Structure formats: structure tokens, C-alpha cells
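Coordinate analysis (summary)
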Amino acid sequence: MGLVHGAAGSGTEPAANREPPRMHAAPMPALTDEWERRVLDDPNLLGDIAFAIGGPFHLMYPERVARNIDGFRAAFERAGVDGVIYYGKKANKAACVARTCAQQGAGVDISSVGELTSALAQGVRGGELMVTGPAKSDDLLWLAIRHGALIAVDSLDELDRLATIATPAAHARVLLRVLPDASTSRFGMTAAELDAALSIIGSSGTVGHESIRLEGFSFHLSGYDAVARAEQADQLVDRCRDARTLGHPATTISIGGGFGVDYVSATTWAEFTDQLDSRWFHAGKSFDSYYPYHFPAPGPAMLTDILRHRGLAERLRDNDIRLAVEPGRALLDHAGCTVFRVRGSKTRHADGQPYHLVTVDGSSLSLSEQWFDSEYLPDPVLWPPRPGGTPAPTCVGAATCLESDMLSWRRIPLPRPAAVGDLLIYPNTAGYQMDSNESAFHDLPIPPKAVLHEAPGERWRWMLDAG
Ligand SMILES: *Cc1c(COP(=O)(O)O)cnc(C)c1O
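Residues numbered from 1 in each chain as written. Predicted model: local features only at pLDDT ≥ 70, side-chain atom pairs only at ≥ 80, totals over all residues. Heavy atoms only, no water.

**Quick look at the overall build of the chain**
Helix and strand content of the chain: 13 helices and 17 strands. Whereas a compact globule of 467 residues would reach a radius of gyration of roughly 23 Å, the chain reaches 24 Å, a difference of no more than 12%. With the C-alpha coordinates of the chain rotated into their principal frame, the extents come out at 80 × 55 × 40 Å. Buried positions account for 53% of the 467 residues belonging to the chain. Pairs at least 24 apart in sequence give 73% of the contacts found in the chain among residues at least 6 apart. When the accessible area of the chain is evaluated, it comes to approximately 19900 Å², of which 52% is carbon and sulfur surface. (Helix = DSSP H or I, 4+ residues; strand = E, 2+ residues; numbered from the N terminus. Rg over C-alpha atoms; globule rule 2.2 N^0.38 Å. Buried < 20%, exposed > 50% of the residue type's maximum accessible area, 1.4 Å probe, protein only. Contact = heavy atoms within 4.5 Å. Areas by Shrake-Rupley, 256 points an atom, 1.4 Å probe, with all protein chains shown as cover.)

Shown next, in the form of C-alpha cells:
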């Protein structure tokens, strides 16, 4: 999976020979888009939005979602493969993302009635929905049928329920979700279960066959390995061919999501992982693993690698199979950031060296990596920029009464000490960081999303997200 494991500082040499240990990390600047740099350089924009909202907020830039969709589409075109993109909606709830998918002709992958409703409300059509997730409710299955959505069936009992809801006049469009070989996933069906599923659906001329239309197979792997996905897809081509002999259309394979995102440069990441030391963290905190923040072939490039592996693209073409992808995080790459205001600052010491412990006006619920027992590592940016400061190692705590509610345990070398009223902008947070875990803890309001728009040659405009 490319996860990085934490090491503790050793400190075994005699004290006299020891250089003072470095108590803070090297900078870990996020790779930035041109729009992000312009927003950070704008003398007013961020301060004005922060003033209007009066609390932490997320900034969304849906234009970038459109570009990410184009990137995946271009990868399919270059490989000569008929492809379809479903945005994995759980990665960010913003209405502007679903709206952009509708405008760009991308579908949406949903798992609940709430997600289905909000995708439809933004103009995504029923036939452009993919319904995934385990043991879907009868209500969700019924609505999916009514709207002509594609349903990735996860288990035999779900298929049984679907068979009682679907009718020849209102048939269900189905993919069967496969449990990959040697996988311990709780999702998907084993080979024996897939055989049983085929007999529930029946073959041409049977009743089940008329109410359930088997359009293909799907899987979703954890981790970010292109080869594993290509090989699993290759096996599903055989499954499609077999299903066709029973009279099923079986023309779609969905390879799920898990397309990586490249947050920081290779050198930055190598330096962090080679030297990782728990002394860099407030209270000596350490984490078992981190997201692979440097990802050499992210998003569409990873799709290209998958399609190239052992001629997968050709096999799909030769067998008239449409390949579906369900990227969540990768469609949100560079599509948003999260803005907090500094409320206070203390000085603390570690091994005799001073550092700053800043408190911001929000919580780590808006930066979900903490709740996966890990840390979101790309450095927050201190705003406004001021020239000539002294570097200031800084940890970032939340405005809550929980000891563990820290946005950054890692001492981030900010270019100067943060002052009350400054903004701290966590970059590239649209994918999973923003809103997966937000709640009204402490009766604090949930941070709103401000959506940035820009007409050519004009200044930035923003509005609150409709979600
Ligand atoms: C979560 C999920 C996705 C999206 O995964 P990403 O890692 O965000 O690309 C796609 N498909 C299924 C079935 C999922 O559960």
C-alpha cells in the first residue's frame, strides 16, 4: 500500500557527542495549482471570506473538478477504451461537485438515499448513477430501479431482495461485485456466491432474467496498486464472456476508485520518510502509517498504467467492454482547501527548544486524517504572507476541550510565528479531509463551503455551496 511507518528517535549516543536533536520537521510544502497560488497571493480575498463567514470554512474550486474529469476521459481516449466515470461521492458532499459532474457528463457513485437525492438535485440523471455499498436498503434499491441507476450488488441476500422489488416492467440494472482473490475485504461475492447469483438471475427466457439485467461485474480495492486492478479487471473480462453465453448483456466492468493523489514532491516525501522521528511531534506523538503523500502516477496517469498492463485496453476493446471508474479523492485533487483563523498561541519547549502551540477556531473533524489515526501532512500556509520573519516550529490545536483534538501534531516550520487573527490554510483538502467527519461537536457550527468562480479576465467571486 505504500504506507509509511513511524520510527522513534534513538538517542543512544553519549550526550557530549550528540548534536542537539532537530525537534521539528523539514517543511512539507504542498504542490500547488496556479489558482491556489493566485488565491494565496490575493491581498483581500481570503480575509474577506473569513470576515464574512466569521469561522473556519472550506474553499471549493469546481473548475478543477471539471479538469480532473477531463483528465480521466483523456486517459480513456488515448487508450482507445470506452470509459465511464462515476464520482465517488462520499469523498466530499459539496453540491458544486455533483453539479460539475452533471455539467461534464460524469456519473456519480452513491451509497445512500441522501446521496442519491442530492446527486439528482444537482442534475445528475438516474441512468448516470452507480449505487454501491453493502446491504442497501429496500428503499434505496427501489429508488435506484425507478431512476434507472446501475446497482453494484454486494451479496446474495441483497440480490434476493432486489429480485422481489424488480419487475419486468421496472427492471434492475445490475453489476455483481466480486470479492478479489486472496482479499479479506468484507465486500463482494466469492466465486461460489457469483455462481449462485447467476442462477438467481437465471438465463434468457426465465422470469428473473427479465426483471434483473446483468450488465457486468465490479470490484473496489483498497490500496493504490495499478497492477492489482489491471489483473482483477482482466479476470472480469472472462466473467463477462461467460455471462454472455447465458444471454446477459455483461458489457461493463467497474474497477472502483483508489486513484492516488500527489500532494508533495518526491524529494520532500523522501526526506520525511527517511528521517521520520517522533521528536518532531507534539508530546512525542507517533502514527503507525500515513497516506502516500507523494504519488508518482496519480489519477489519470494511474488509469493509463492500468489500461497498459498486459494489454488490458486491447482486451476490453476486443470484447466490447466499457470500463467504469469510481474515483473519489482523485476527482477532487486541487479542488479545495480549508481555512482556519488563529485564535491564540503559546510557547512550549521540547528538549530545551521552544516551539509554538497555536489554537485555531475549528477542529480536526474538518481534517479527517486525524480520525483515521493518522495526520494530514501537507503544510498549512500562514496568511497573510509577511517578508522577513524568523522560522517558527508550530503545532496546531483545535478550539475544543479534547486533549487529542490536534490539526497538526507535527511541528510545522512556519515562516514566522503565527499571530492572533492570521489565517492558516490547509491545502488540497477537498478529497476526504473536509467533511467526512464534521459534526456540531461543542455546538460549534459545521464549517460552510465557499465556492469560487472566476469569469475570464475578471476578479474572483464566491458564493456559499448549495449543499
Ligand atoms: C470509496 C469508494 C470509491 C472511491 O474511492 P477513492 O479512493 O476516493 O477513489 C469508489 N468505489 C467504491 C465502491 C468505494 O467504496
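Let's pick the thread back up.
**Here we look at the sheet that holds strand β5 (residues 150-153)**
With parallel pairing, eight strands are arranged side by side around a closed barrel as β2-β3-β4-β5-β6-β7-β8-β9. Direction aside, neighbouring strands of the sheet carry axes that sit 30° apart on average. When strand β8 (residues 252-254) meets strand β9 (residues 322-325), the two strands line up parallel, connected through three bridges. What sits directly across from T252, in β9, is R322. (Pairing = 2+ DSSP bridges. Axes fitted to C-alpha atoms, helices over the stretch in contact; angles between N-to-C directions.)

**Focus: empty space enclosed by the protein**
It is a probe the size of a water molecule, rolled over the atoms, that shows where empty space is left. Evaluation of the coordinates by the stated rule reveals two cavities of 30 Å³ or more. Computed from the structure, the largest cavity encloses a volume of approximately 80 Å³. Along its surface, the largest cavity is lined by T32, E36, V39, L40, C337, V381, I425 and P427. Top contributing element to the lining of the largest cavity by residue count: helix α1 (residues 34-41), with three residues. Broken down by class, the residue content of the lining of the largest cavity amounts to six nonpolar, one polar and one charged. (1 Å grid on protein atoms, 1.4 Å probe; cavity = no way out; pocket = protein on both sides within 12 Å on 5 of 7 lines; lining within 4 Å. Points joined across faces, edges and corners; volume = space filled by probe spheres on them. Nonpolar A, V, L, I, M, F, W, Y, C, P; charged D, E, K, R; others polar.)

**Here's the deal with the layout of surface pockets**
Space inside the largest pocket adds up to approximately 1300 Å³. The element that contributes the greatest number of residues to the lining of the largest pocket is helix α10 (residues 226-245), accounting for four residues. Of the residues assigned to the lining of the largest pocket, the class counts are 17 nonpolar, 19 polar and 11 charged. When residues of the lining of the largest pocket are assigned to domains, at least three fall in each of domain 1 (23-60 + 334-464) and domain 2 (63-260 + 295-331). In this structure, the second largest pocket occupies an estimated 300 Å³ of space. Forming the walls of the second largest pocket are 18 residues, and the residues nearest its centre are P62, C96, R99, T100 and H453. Every element with two or more residues in the lining of the second largest pocket is listed here: α3 (62-79), α4 (95-104), β16 (449-454) and β17 (460-464). Residue contributions to the lining of the second largest pocket peak at six residues, all from α4. Residues of the lining of the second largest pocket, tallied by class, amount to nine nonpolar, five polar and four charged. Each of two domains, domain 1 (23-60 + 334-464) and domain 2 (63-260 + 295-331), supplies a minimum of three residues to the lining of the second largest pocket. (Domains from an automatic or database assignment.)

**Brief notes about the site of the ligand**
If you check the shell around the ligand, you find 13 residues, and the closest are K90, G258, E326, R329 and Y432. G328 places a main-chain nitrogen or oxygen 2.9 Å from an oxygen atom of the ligand. R329 places a main-chain nitrogen or oxygen 2.9 Å from an oxygen atom of the ligand. Within the complex, 87% of the 390 Å² of free accessible area of the ligand lies under protein. When atoms are counted within 2 Å of each cavity's grid points, the one that captures over half of the ligand is the largest pocket. Residue composition of the shell around the ligand, grouped by class: three nonpolar, five polar and five charged. (Near = heavy atom within 4 Å. Polar contact = N/O pair within 3.5 Å; in protein donor to acceptor, adjacent residues only side chain to side chain. Sits in = over half its atoms within 2 Å of the grid points.)

**Brief notes about the packing of helix α7 (residues 156-165) against helix α8 (residues 191-201)**
In the contact formed by α7 and α8, the axes pass within 10 Å of each other and the chain directions differ by 10°. One way to sum up the angle between α7 and α8 is to call them roughly parallel. Along its contact with α7, which presents L156, L159 and D160, the element α8 presents E193, A196, A197, I200 and I201. Across the contact of α7 with α8, the residue classes tally to six nonpolar, no polar and two charged. (Parallel < 35°, antiparallel > 145°, perpendicular 65-115°, else oblique.)

**Structural notes on the confidence of the model for the chain**
Mean pLDDT over the chain stands at 94; residues scoring 70 or higher make up 96%. Within the model, the stretch residues 5-13 combines pLDDT values under 50 with 14 contacts to residues more than four positions away or in other chains. (pLDDT = per-residue confidence, 0-100.)

**Focus: the domain arrangement of the chain**
Note on interface size: it is often stated as the accessible area lost on association of the parts. Domains assigned within the chain are domain 1 (23-60 + 334-464) and domain 2 (63-260 + 295-331). Relative to domain 2, the C-alpha centre of domain 1 lies at a distance of 35 Å. Between domain 1 and domain 2, the contact holds 15 residues from the first and 11 residues from the second. Of the roughly 1100 Å² buried at the junction of domain 1 and domain 2 (both faces included), carbon and sulfur atoms supply 51%. (Buried area = accessible area lost by both parts, 1.4 Å probe.)

**A look at unusual backbone geometry**
Going from W383 to P384, the amide bond is cis rather than trans, its omega being 0°. Relative to the assigned elements, P384 resides in the loop between β12 (381-383) and β13 (392-397). Residue D373 is not a glycine yet carries a positive backbone phi of 55°. The residue D373 is located in the loop between β11 (353-360) and β12 in this model. Owing to a relative accessible area of 51%, D373 belongs among the exposed residues under this scheme.

**Remarks on the pattern of salt bridges**
In total, this model carries 17 salt bridges according to the counting rule given. D33 is the partner of R64 in a salt bridge, and the nearest nitrogen-oxygen pair spans 2.5 Å. Here D33 lies in the segment before α1 and R64 lies in helix α3, a separation of 31 residues in the sequence. For R64, a relative accessible area of 10% puts it in the buried group. One salt bridge in this structure joins R410 and D379, with 2.9 Å as the shortest N-O distance. You can see R410 sitting in strand β14 (residues 406-414) and its partner D379 sitting in the loop between β11 and β12, a full 31 residues away along the chain. Here the two residues R410 and D379 agree in accessibility, since each one is buried. In this structure, a network of salt bridges that share partners links the residues E34, R38 and E454. (Salt bridge = Lys/Arg side-chain N within 4 Å of Asp/Glu carboxyl O.)

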